[in-house]
Amino acid sequence: MLLFSINPHSGVPVYRQIMDQVRYHVAAGTLAPGQQLPSIRELAHTLAVNPATIAKAYSELEHDGVIELQRGRGAFIHATPPSMPRDQRRQRLRTLAERMAVEARQTGADDADIRVALDQALTSLNRKRPS
Amino acid sequence: MNDAVIEAIDLSKTFRPAVVAVNGLDLRVPRGAVYGLIGRNGAGKSTTLRLLMGLLRPDRGTAHVLGSDIKDAPRETRQRVTYVSQEQQLPWRMTADELMAYFSQLYDQWDTAFATDLVRRFDLDTTRPLGTLSGGDQRRVAVILALAARPDVVILDEPAAGLDPVSRRQLIEAMIDFLGDGGERTVLFSTHILADLERVADHIGFMDRGRMMLSGPLDALQGGMRRVQVIFSGDRVPSGFEIPGELRRRTDGPVLTAIVRLTDPDQVNRLQAIEELRVTEHSLGLEDLFIELMERDPHSMGDLQSSPWWQHA
Amino acid sequence: MTTFSTLTDADRRVWTALALRQWVAFGSLHIGFLVAWLVALWVLQLVAHPGWLIAFGLLYTVLVTPGMAGADIMDGTEEFSFALPPGRRAIFLTRMGIGLAFLLLTTGLGSLAMAFDVPQALWSLVATSGITEPNRPVTPSFLYALAVLVPAAAFAGTFVVASLAGTRTIVGVSWGIAFVAVGIGVFASLQVESLIWDKPIGWMTCVMLLLGSVLTLLAGFLAYDQKEALIGGGRAGARSGTIAVVAIAIGITVFALAMFVVSVSYQSMTVREVRDQSMTVREVDALRVTPLETVDP
């Protein structure tokens, strides 16, 4: 399954990379609700990483409600995407936005450029989602 | 909580006349861990592994595998542990087939199918006497023997040394398949090549001059350290400026690059909020991290070990 | 280590595999010795005197023991072998068991055959040779016990030295030592036969040899259990074959020298004593190295 590519040397823990990629694919629609993920063993073999790492990634994803692990059957994308409570969502958005604003400002861009870039990113994301 | 399958306490070994190979080493490998023992050549890694396997006698301290001194343990316990060393020789008159047949009698859990699969993947000729195989092939045979015995603990001394990148990847894959069968198996391997560690290891221990300098879960190590770069608007870094949690710094004009230990998620964010500064942070690859750490005075590593993440599980 | 009473099926399987492995590794050596032994005893009737039993028993230690006991050291596989489940004790015991069993079988049966003059009886079915006179069928005597115990003692010594060796050189040296032991044993057995034949000292020798063998093997067992594995397995330095050849050459030289020295002094002694008529016919006869004309008193 070639959807995942990890770089063990980037300093980002491998399990985080996998989690981030799963989340990205769910957000982009490449992984549909109810779709099955490769088994821990298969993915470990394909990516050549410790199965415990895959297990940890899956476990955390399940905890976050992104996937569900069905005993004896495998890992599946959750039918209903996880939704955060409103306050938590707002807080997270604010953190992300502040961070983006600061970093974008450091590139020397002005407010208009930053807003355009954000719109483009959202459009591109929506285009990938079939619905 | 004592869930350690491998444990060394104050382990010491001196070779005559006066070579101190291991000097008060503490090591703890929890069950199910893949533990990478890192250190420069001569740090004492091979000696440590030999002490754990009972091949050498410690001068002081204890070295236990599966709860006891493996040298005096009953056969049932000993056959749950296998060992591959960099320098060992296999019986040179025997063929790999004969040796595997022998192992199938010695180890209760011997997995012939797994052995056959690995032989095929490693593309080995098992009908030739082992003495006629190249060093790399002999090592691969030894690894197959160690893994196909399906032990609870595998101890590997520099398994990838001298192997080309393809063989190294094959070795890692073999290890992963070995781990992936559901049994809670523990692997302890020593290496001075960091790149392979990051794929498989979830615990690491850094040895220097016979002592354990730093050890703990890999995620905690990587997660806790970051490289932060701060660029000042002036033409030099103001004196007295310090990033909270910084361990090492390098300055070059207005640019300050530092290894920072994170204690607080917003540590870097707060810096970034300061208008005059351009702040970027990067994850630290294991290799970079250890190069940075190895340049430190080993005696001052104590502060790293008192960090909250180095909880021995 | 599990006691014998609690052997499980798995234990049996492991011990069998271990014993089989040791046998396979050294089988050709053992067969070679057995063939030489049988030829000498039954075909060539070289072994017409119990003293030669001792010599052949000692030959066993030369051919087989250092190779078997020192195999891991010579091949550099101690690090590998000691890490296997059976461990040092099992390796030592298996090798010792095979060695002793084989040795006792050959020397023990050989002694019995000699005592009851079996080869002569067999040959008489084919032809009556005048090469040797029939041995007196002797009741179990010290000499026959020695024929078993002396090689056993030499085995014990050589086995322990070779097992505990820290270098290939020592293993090679134990070959040389074994050769020297052969030389000494042969001539001692012939020289002192008259002494030990009847005198009480014979019993003491047997007991001492037995005790010595047992204690040596026990000490060797305990020391081997604590042995640190020989690291650096690469067969660098002298190859095992070279060491063996050198050691055997040294041993043969010493052996030949000893033979020469003793035979010269022996000849002169015999002639002198016969001339002095200080030896009885029986004593001369008992020495039985060269068929001497007896001098009528």
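Residues numbered from 1 in each chain as written. Chains lettered and ligands numbered in written order. Predicted model: local features only at pLDDT ≥ 70, side-chain atom pairs only at ≥ 80, totals over all residues.

Caption draft 1: How the structure looks around the sheet that holds strand S3 (residues 74-77) of chain A. Residues and elements named next belong to chain A. Taken together, three strands build an open sheet; the order of strands is S1-S3-S2 and the sheet is antiparallel. Strands at the two margins of the open sheet, each flanked by one partner only, are strand S1 (36-37) and strand S2 (67-70). Pairing analysis gives four bridges linking S2 to S3, with the strands arranged antiparallel. By the bridge assignment, Ile67 is partnered in S3 with Ile77. Along the sheet, helix H3 (residues 51-63) makes contact with S2 and S3, crossing S2 at roughly 115°. (Pairing = 2+ DSSP bridges. Helix = DSSP H or I, 4+ residues; strand = E, 2+ residues; numbered from the N terminus. Contact = placed C-beta atoms within 7 Å. Axes fitted to C-alpha atoms, helices over the stretch in contact; angles between N-to-C directions.)

Caption draft 2: View of the interface of chain B and chain C. Contacts between chain B and chain C engage 21 residues on the former and 26 residues on the latter. Contributing elements (two or more residues each) for the side of chain B that touches chain C: helix H2 (75-78) and helix H3 (96-106) of chain B. Looking at the side of chain B that touches chain C, the element that brings in the most residues is H3 of chain B, giving three residues. Residues of the side of chain B that touches chain C, tallied by class, amount to 11 nonpolar, five polar and five charged. (Nonpolar A, V, L, I, M, F, W, Y, C, P; charged D, E, K, R; others polar.)

Caption draft 3: Representation of the environment of Asn7 of chain A. Among the secondary structure elements, Asn7 of chain A is positioned in the segment before helix H1 (14-28). The spacing of Asn7 of chain A and Glu103 of chain A is 96 residues in sequence and 24 Å in space, taken between C-alpha atoms.

Caption draft 4: Quick look at the nonpolar core. The biggest cluster of nonpolar side chains holds 113 residues, and the ones touching the most others in it are Ile6, Leu52, Leu145, Ala146, Leu147 and Ile155 of chain B. At eight residues, helix H5 (residues 135-148) of chain B tops the list of elements feeding residues into this core. Discounting residues that sit within four places of it in the chain, Leu145 of chain B has contacts with Leu99, Met100 and Phe103 of chain B. Grouped together as the second largest cluster of nonpolar side chains are 44 residues, Met74, Leu103, Ala152 and Val173 of chain C included. (Core = buried A, V, L, I, M, F, W, Y, C linked by C-beta atoms within 7 Å. Buried ≥ 20, exposed ≤ 12 C-beta atoms within 10 Å, placed from the backbone.)

Caption draft 5: Molecular detail of the packing of helix H2 (residues 40-47) of chain A against H3 of chain A. All names here are of chain A. Orientation of H2 relative to H3, taken along the N-to-C sense of each, is 125°, at an axis distance of 8 Å. Classified by the angle between their axes, H2 and H3 sit oblique to one another. As H2 runs across H3, the sense of the crossing is right-handed. Here Ile40, Arg41, Leu43 and Ala44 of H2 lie close against H3, whose contacting residues are Pro51, Ile54, Ala55 and Tyr58. Across the contact of H2 with H3, the residue classes break down as seven nonpolar, no polar and one charged. (Parallel < 35°, antiparallel > 145°, perpendicular 65-115°, else oblique. Left-handed = near helix turned anticlockwise from the far one by under 90°.)

Caption draft 6: Examining the domain arrangement of chain A more closely. According to the domain assignment, chain A contains domain 1 (14-77) and domain 2 (86-128). The centre of domain 1 of chain A, based on its C-alpha atoms, is set 27 Å off from the matching centre of domain 2 of chain A. (Domains from an automatic or database assignment.)

Caption draft 7: Spotlight on the pairing of strand S11 (residues 246-252) of chain B. Two elements, S11 of chain B and strand S12 (residues 255-261) of chain B, share six bridges in a ladder whose sense is antiparallel. Across the sheet, Arg249 of chain B pairs through a bridge with Ala258 of chain B, a residue of S12 of chain B.

Caption draft 8: Molecular detail of the environment of Phe178 of chain B. Residue and element names in this part refer to chain B. Mapped onto the fold, Phe178 is located in helix H6 (residues 165-179). Judged by the 22 C-beta atoms lying within 10 Å of it, Phe178 is buried. Taking the C-alpha atoms as reference, Phe178 lies 6.5 Å from Leu147; in sequence the two are 31 residues apart. In this structure, Phe178 is in contact with Leu147 and Arg185, ignoring residues within four places of it in sequence.

Caption draft 9: Quick look at the interface of chain B and chain A. Each partner contributes residues to the interface: chain B has 26 residues there, and chain A has 18 residues. The set of elements that each furnish at least two residues to the side of chain B that touches chain A consists of H6, helix H7 (194-200), helix H8 (218-224), helix H9 (267-272) and strand S13 (278-283) of chain B. When residues of the side of chain B that touches chain A are assigned to their parent elements, the largest contribution, six residues, is made by H6 of chain B. A class-by-class count of the residues in the side of chain B that touches chain A yields eight nonpolar, nine polar and nine charged.

Caption draft 10: Structural view of the domain arrangement of chain B. All names here are of chain B. Partitioning chain B into domains gives domain 1 (4-209) and domain 2 (221-305). On a C-alpha basis, the centres of domain 1 and domain 2 stand 37 Å from each other. On the domain 2 side, the residues contacting the eight residues of domain 1 number five residues. Elements with a contribution of two residues or more to the side of domain 1 that touches domain 2: H7 and strand S8 (203-208). Broken down by element, the side of domain 1 that touches domain 2 gets its largest block of residues, four residues, from H7.

Caption draft 11: Layout of the sheet that holds strand S3 (residues 34-39) of chain B. Residues and elements named next belong to chain B. Read from one edge of the open sheet, six strands run S5-S6-S7-S3-S8-S9, paired in mixed fashion. Each end of this open sheet is capped by a strand with a single partner; those strands are strand S5 (81-84) and strand S9 (211-217). Within this sheet the neighbouring strands show an average axis-to-axis angle of 15°, counted without direction. Sheet topology note: the S5/strand S6 (residues 153-157) ladder contains four bridges and is parallel.

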